[in-house]
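Coordinates in review
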Amino acid sequence: MKLHYYLMSAALMTAASVSFTACNDDDNDEPVYVVGGNTTETPDIQFSADTVRVKIGEENRAALPIASETGGIKAFSLDPAVADIVDVDGVPMIEGFKNGLCGVMVSDDNNHYKKLVVSVYTTEQMQLSTDALTFLTPLGGSATSTEASVVLGNGGYTVVSDNPKVVASIDSETGVISVTATSKMDPFTATLTVSDISGLTADLKVTVEASMDPFTAEQLQEILAKTESTIWADCKDPSDGNQPYYYGSYDGEWIDSTEGDTSTIGWWFNYYGSDYGGIKIDYAANAAVNAEVAGTLYFQYSYIGWYDCYQYPGKAMVLVDDATKKVVIAWQVDEQNERINRGYVVLIK
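Here goes a summary of the coordinates provided. Predicted, not measured: the structure shown is a model, and the values here were computed from it. The residue numbers shown here count from 1 along each chain, following its written sequence. Totals for whole chains, interfaces and linings use every residue, but because this is a predicted model, local features are given only for residues with pLDDT of at least 70 and side-chain atom pairs only at 80 or more, for both listing and counting. To get the side-chain values, take all heavy atoms of the structure and skip hydrogens and water.

Overview of the side chain of lysine 326
Secondary structure elements follow DSSP: runs of H or I of four or more residues count as helices, runs of E of two or more count as strands, with numbering from the N terminus. Within the element layout of this structure, lysine 326 appears in strand β26 (residues 325-334). Side-chain atoms alone can form a polar contact between residues adjacent in sequence; in general such a contact is a pair of N or O atoms within 3.5 Å, and within protein one must be able to donate a hydrogen while the other accepts it. A polar contact of 2.9 Å, which involves the side chain of lysine 326, links it to the side chain of aspartate 256. A contact between two residues is defined here by any heavy atoms of the two lying within 4.5 Å. Leave out the neighbours within four places in its chain, and lysine 326 touches Asp256, Ile265, Tyr283, Val320, Asp321, Val345, Val346, Leu347 and Lys349.

Structural data, given as structure tokens:
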């Protein structure tokens, strides 16, 4: 590998430098820089700083930070694509070519070695596309945004959140930030700290508020757009999924019935007299479309001997009831656990 070697001595650093060319075995000329001769006593190499920040560009070249006399000095870059040692009028200088970190190995005539870290950068400040985001989600629900990004920085991006209810990741090259926030009973603000490879940072404030509505407007539109019968629930107690284990695998029974003042809609699976669970909603039989009424959501994941049937008394609403389909949602605001237990049934007639 082609290496550049530089030799200098403090005895003549204030005087003049002399340069000459030496030939190696493959006839490639290498510049060798010599200032003075060897000293009889050579201490370990000392830097004035173990890390040097160098801005990209020929005009931003930086000197090796040698702090004390060490005899003949030799230096070469471990990653010339990021930064290299170049000759500037007989003086070795560090030039940056690409954002990142690289090492420069420095040695002396007494075989002392020390590594210098070079941080190469493009800009001295970081800028985000926005410094604040606001989330409004159903209580205990999560939402994700990729609205924020780095518009000025040096690459190699990382992000850290100071609140476990706000989880963030970032594309290390493009700087696009993905933020997922989960609401609590009380509004709160989290701080995301974005850093780049050169150590620059910028803060993104994330404010999260809770809605007592069980579904967002976008989620309601998705539910109304379904063209097949389906059931779904998001509840505190079941931990095995949003649909019962046997749903879609066996011939369960779709329910759309009224008994007295109560209507029931859903899907339930009974096998040879045994209860294997499902999802259903009880609601007021005289409920008008889009009217909030008393209701109860039922969720049983699997066989009653293994899983309880959980009940969530709260509210219900009929979203659609026409000749083609019926759509009913149900929910319970659980303030103690800071969440909304919710579910829906879509029944294609």
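Regarding the nonpolar core
Within soluble globular proteins, side chains that are nonpolar tend to cluster in buried spots. Formed by 25 residues in total, the largest nonpolar core has its most connected members in Ile265, Ile281, Tyr283 and Leu297. Sorting the residues of this core by element identifies β20 (230-234), β22 (262-271), β23 (274-284), β24 (292-300), β25 (310-321), β26 and β27 (339-348) as the ones contributing at least two each. The greatest single-element share of this core, amounting to five residues, is contributed by β23. When sequence neighbours within four positions are dropped, the list of residues in contact with isoleucine 265 reads Ile255, Ile279, Lys280, Ile281, Tyr283, Lys326, Val328, Val345 and Leu347. Think of a nonpolar core as a cluster: buried Ala, Val, Leu, Ile, Met, Phe, Trp, Tyr and Cys residues, connected wherever their side-chain atoms sit within 4.5 Å. For every residue, the accessible area obtained with a 1.4 Å probe (protein chains only) is divided by the maximum for its type, and the residue is called buried under 20%, exposed over 50%, and partly exposed between those limits. Membership of the second largest hydrophobic core comes to 22 residues, among which are Leu128, Val166, Ala181 and Ala202.

Side note on the side chain of aspartate 334
By the secondary structure assignment, aspartate 334 is in strand β26. Among all residues touching aspartate 334, those that are not within four sequence positions of it are Leu139, Lys236, Arg339 and Asn341.

Quick look at the packing of aromatic side chains
Only Phe, Tyr and Trp rings take part, Trp by its six-membered ring, and two of them pair if their centres are within 6.5 Å. Stacked means planes under 30 degrees apart, edge-to-face means over 60, and tilted covers everything else. As enumerated under the stated definition, the model contains 17 aromatic pairs in all. A ring pair is formed by tyrosine 246 and tyrosine 276, whose centres lie 5.3 Å apart and whose planes are at 85°; its orientation type is edge-to-face. Taken as a pair, tyrosine 246 in the loop between β20 and β21 (253-259) and tyrosine 276 in strand β23 lie far apart in primary sequence, 30 residues in all. Per residue, the accessibility class of tyrosine 246 equals that of tyrosine 276, and both read buried. Ring centres of tyrosine 271 and tyrosine 272 lie 4.8 Å apart, and the angle between their planes is 85°; this geometry places the pair in the edge-to-face category. Take tyrosine 271: its relative accessible area is 41%, and that puts it in the partly exposed class. Judged by relative accessible area, which is 75%, tyrosine 272 ranks as exposed. Lysine NZ or arginine CZ positioned within 6 Å of the ring centre and within 35 degrees of the ring normal marks a charge as sitting over the ring. One residue, lysine 114, lies across the ring of phenylalanine 47, its end atom 5.1 Å from the ring centre.

Thoughts on the pattern of salt bridges
Only one rule defines a salt bridge in this text: a Lys or Arg side-chain nitrogen within 4 Å of an Asp or Glu carboxyl oxygen. Going through the model one piece at a time under the given rule, you end up with seven salt bridges. In this structure, aspartate 237 engages lysine 236 in a salt bridge whose closest nitrogen and oxygen atoms are separated by 3.9 Å. Lysine 326 is paired through a salt bridge with aspartate 256; the nearest N and O atoms lie 2.9 Å apart. Residue lysine 326 is found in strand β26, and its partner aspartate 256 is found in strand β21; the two are separated by 70 residues along the sequence. Look at aspartate 256 and you get partly exposed, because its relative accessible area is 39%. Salt bridges sharing common partners tie together Asp234, Arg339 and Arg342.

Geometric values such as these leave the question of function open.
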